[in-house]
Amino acid sequence: GTASAPIVLRGENVGVGSWKGLLVDSEAAGNTLEFVDIIGAGGGAFNSNNDVSALVIWADTKLTIRSCQILESGGHGVSAIYTNSNCSMEESLVAKCADAPIILLPSYLSALNGSNSYADNSLNEIVIAIETDAILQSMNWVRASIPYRVRSTFDFFDVVSIAEGETVIEAGTE
């Protein structure tokens, strides 16, 4: 799409979670969503993992999300919890979701930058999904307009350790 004529993806019915949404499963380098509005998705699970999100980024996928709006999801706005993907998101809005706007693996934190906006989500936090009580890889936590929450995919931990190394948490990050 373009700024003046975005592509609008929505279900036949209007409202939160009125259709499943998009699952991107492609290793093609040119995969790009630009000026795309995804409205009212997140209406059901994509698989046995119970992925309820407007946009699910599957394992090994390459995807650039730029200047998009993801609105009124019945679950998360964006789910990037599968390994080995190469994705980025910039200048986009995720709003009015029934869950957190984004859930992602720690290795995908660098996919976000401070140009994204989040508003009026039921859980207005970026959820970092971990499978153990430690974050082992280096990463950059960019300052976002909402706080981060580290949550285990299996259990909750009292303390999560972050490995020594090149991890950078930008000033002002919550």
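Located above this text is the structure these notes cover.
What counts and what doesn't
- Residues numbered from 1 in each chain as written.
- Predicted model: local features only at pLDDT ≥ 70, side-chain atom pairs only at ≥ 80, totals over all residues.
- Heavy atoms only, no water.
- Helix = DSSP H or I, 4+ residues; strand = E, 2+ residues; numbered from the N terminus.
- Buried < 20%, exposed > 50% of the residue type's maximum accessible area, 1.4 Å probe, protein only.
- Contact = heavy atoms within 4.5 Å.
- Areas by Shrake-Rupley, 256 points an atom, 1.4 Å probe, with all protein chains shown as cover.
- Phe/Tyr/Trp six-rings, centres within 6.5 Å; stacked < 30°, edge-to-face > 60°.

Draft legend 1. Spatial organisation of the overall build of the chain. Of regular secondary structure, the chain possesses zero helices and 18 strands. Expressed as a percentage of the 174 residues in the chain, the buried residues total 42%. Sequence separation of 24 or more characterises 64% of the internal contacts of the chain that already satisfy a separation of 6 or more. Working note: accessible area of the chain is about 8700 Å², and carbon and sulfur atoms make up 47% of it.

Draft legend 2. How the structure looks around the environment of valine 8. Topologically, valine 8 is positioned in strand β1 (residues 7–10). Residues within four places of valine 8 in sequence aside, it is in contact with Asp37 and Ile39.

Draft legend 3. Looking closely at the packing of aromatic side chains. What the rule picks out here adds up to one aromatic pair. Aromatic pair tryptophan 58 and tyrosine 82: ring centres 4.3 Å apart, planes at 35°, arrangement tilted. Of this pair, tryptophan 58 sits in the loop between β5 (53–57) and β6 (62–66) while tyrosine 82 sits in the loop between β8 (76–80) and β9 (86–90), and the two are 24 residues apart along the sequence. Taking the relative accessible area as the measure of exposure, tryptophan 58 reaches 24% and is therefore partly exposed.

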